[in-house]
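A closer look at the structure
For reference, the chains in residue letters:
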Amino acid sequence: MTEPPRPPSVDALARSLTGTGLPHPLLVDVARQAIAAGRPEEAPARAAAAGRALLQPVVNATGVLLHTNLGRAPVPAEEAGTYSNLELDLSDGRRGSRQDRAGPLLARGCGAERALVVNNCAAAVVLVLAALARGRGVVVSRGELVEIGGGFRIPEVLAQSGARLIEVGTTNRTRLADYRGAVEDPAADVALVLKVHPSNYRITGFTEDVEVAALSGLGVPVVADIGSGLLDATAPWLPGGPPSWLAGEPGARQTLAAGAALVTFSGDKLLGGPQAGVIAGGTDLVAACSAHPLARALRPGGLVLAALQRTALAYLHRDHSAIPFWRMATTSVDALRARAETVVAGVPGGRARVVPCTSVTGGGTLPGVEIASAGVAVDGDHAAALRQRDRPVVARVAEGVTVCDLRTVDPGDDAELAATLASLAPAGG
Ligand SMILES: *Cc1c(COP(=O)(O)O)cnc(C)c1O
């Protein structure tokens, strides 16, 4: 009887995978797992899967402009491995503040006296409540006690910040008198009114809510969590003004002008910047947030602040082409169709065709909004094959057809997309 072949040593197997480019300790793990599973021959596939699991650039062909799984707004990264003047005042050589660039530029863009940058909008809301309302009452409409994004629940955030929730009104209707009753109750000790924008849902039908302008007359600060980060509803950075699909979305500038003491918003939704949260408004209230101990724990790093500074400067230059989200969101359907025709011409055998499709903003913004677009369709469900490419492509599949919406694809990726589509196995083959 011949003995079964001895399994290879972990070390030899790991060394045979060096060509994958993964560091040796990870290859040792892969080799060990493959041997333990009794399948050493699967080690290369396991190593490839480990490499693919790492963060890497992907082509977003879903037509979802702010795709949460794909990192929301795309931001150009330009950071060379250099130092920066993050906390240095170059004029006098003294210690400066990392909050002195992106924050003031964004404040300028939305007409606020001052703005503070933290890690995301959830952090912005927590910091505002902790700094301004700890141990005191915060009035919120029952129609706005919502969950936005994964796990950001207004009642829980309020509890974590140490503020006391005072619910007013009903799910579908809240009136100014409801707010006034709470604010004028001395036992309630109201620190502020919190108004939460229904970013990712709509209550329709028999509804009523109260505008910021009316709330600002109640005698306590109104904090408006607008979330999506539309800096100015008149969109002066867009040559054609605001597109029709933006209608009704509150701008930071307009919300402050209407009387909000503070607004909070995300950096990576309609602002089109990196993941960040912004607290903008009056000097005293923003300063109180900056001075709170949590501000240190929630501060962003230099990479984020550099990217946010670039985004803010693009707004002040009124240069939407420097903000990928706005560039993509406002590309004309004609231009997208022309690109789709070029991509289709690069796929031999008539297997691809130009199709009309619809993009969405996504990322928990503008529910129900559809933006006309153009894409390239290929018969068959190729979603998995496209994800496995060296440059993964994430596409949409509906009714057995794979569609690549070109609105969210960088034009520089069109030629590679055509080559990738040409290399797909024919449907049913
Ligand atoms: C998206 C959103 C948040 C959470 O923002 P993050 O930046 O994802 O933390 C909070 N409030 C509103 C109204 C939002 O739309």
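Residues numbered from 1 in each chain as written. Predicted model: local features only at pLDDT ≥ 70, side-chain atom pairs only at ≥ 80, totals over all residues. Heavy atoms only, no water.

A short note on the packing of aromatic side chains
Our working definition: Two rings from Phe, Tyr or Trp (for Trp, the six-membered ring) form a pair when their centres are within 6.5 Å of each other. A pair whose planes differ by under 30 degrees is stacked, one over 60 is edge-to-face, and the rest are tilted. The helix and strand labels rest on DSSP assignments: H or I over at least four residues marks a helix, E over at least two residues marks a strand, and numbering proceeds from the N terminus. Relative accessibility thresholds used throughout: buried, under 20% of the residue-type maximum; exposed, over 50%; partly exposed, between the two (1.4 Å probe, protein chains only). Counted as over-ring charges are cases with an Arg CZ or a Lys NZ within 6 Å of the ring centre that also lie within 35 degrees of the ring normal.
If you walk through the whole model with that rule in mind, you get 4 aromatic pairs. Judged by centre distance (4.7 Å) and plane angle (90°), the rings of W237 and Y315 are edge-to-face. Placement of the pair is W237 in the loop between β8 (222-227) and α9 (252-257) and Y315 in helix α12 (residues 302-316), with a sequence separation of 78 residues. The pair W237 / Y315 is uniform in exposure class, with both members buried. Members of the aromatic cluster, joined through ring pairs, are W237, W245, Y315, F325 and W326. For R173, the ring lying beneath its charged end belongs to F206, and the centroid distance is 3.7 Å.

A look at the domain arrangement of the protein chain
What counts, and what does not: Throughout the structure description, domain borders are defined by an automatic or database domain assignment. Residues are treated as being in contact if the distance between any of their heavy atoms lies within 4.5 Å. Once two parts are brought into contact, the accessible area they lose, counted with a 1.4 Å probe and summed over both, makes up the buried area.
According to the domain assignment, the protein chain contains domain 1 (11-52), domain 2 (59-74 + 327-422) and domain 3 (98-323). Taking only C-alpha atoms into account, the centre of domain 2 sits 33 Å from that of domain 3. Listed by partner, the interface residues are 15 residues for domain 2 and 18 residues for domain 3. When the two sides are added together, the surface that domain 2 and domain 3 hide from each other amounts to roughly 1,400 Å², 64% of it contributed by carbon and sulfur.

Some details on the site of the ligand
Selection criterion: A molecule or strand has a residue near it when one of that residue's heavy atoms lies within 4 Å. For the purposes of these results, a polar contact is taken to be a pair of N or O atoms within 3.5 Å, where, inside protein, one atom must be able to donate a hydrogen and its partner to accept one; residues adjacent in sequence count only when each atom of the pair is a side-chain atom. Residue exposure ignores everything except the shown protein chains as possible cover, and the areas themselves are Shrake-Rupley values with a 1.4 Å probe.
Around the ligand sit R72, N120, C121, A122, I148, F152, H197, S199, D225, G227, S266 and K269, and that is every residue in its neighbourhood. Separating an oxygen atom of the ligand from a side-chain N or O atom of R72 is a distance of 2.9 Å. Contacts to the ligand include K269, whose side-chain N or O atom sits 2.8 Å from an oxygen atom. In the complex, 93% of the free accessible area of the ligand, which totals 380 Å², lies under the protein chains. Among the elements of the structure, α5 (121-133) and β8 are those that each provide at least two residues to the shell around the ligand.

Regarding the pattern of salt bridges
Heads up, the rule is: Criterion for a salt bridge: a side-chain nitrogen of Lys or Arg within 4 Å of a carboxyl oxygen of Asp or Glu.
Within this structure, the stated rule accounts for 22 salt bridges. D379 is paired through a salt bridge with R353; the nearest N and O atoms lie 3.2 Å apart. Here the residue D379 occupies a position in strand β12 (residues 371-379), and R353 occupies one in strand β11 (residues 352-359), the gap between them amounting to 26 residues. We classify D379 as partly exposed; its relative accessible area is 39%. Three or more residues are tied together by salt bridges with common partners; here these are E87, R95, R98 and R299.

Quick word on unusual backbone geometry
Positioned with a positive phi, D189 is a non-glycine residue whose angle comes to about 45°. For D189, the location among the structural elements is in the loop between α7 (176-183) and β7 (190-196). The phi dihedral of L366 is positive, around 45°, even though this residue is not glycine. Its place among the elements puts L366 in the loop between β11 and β12.

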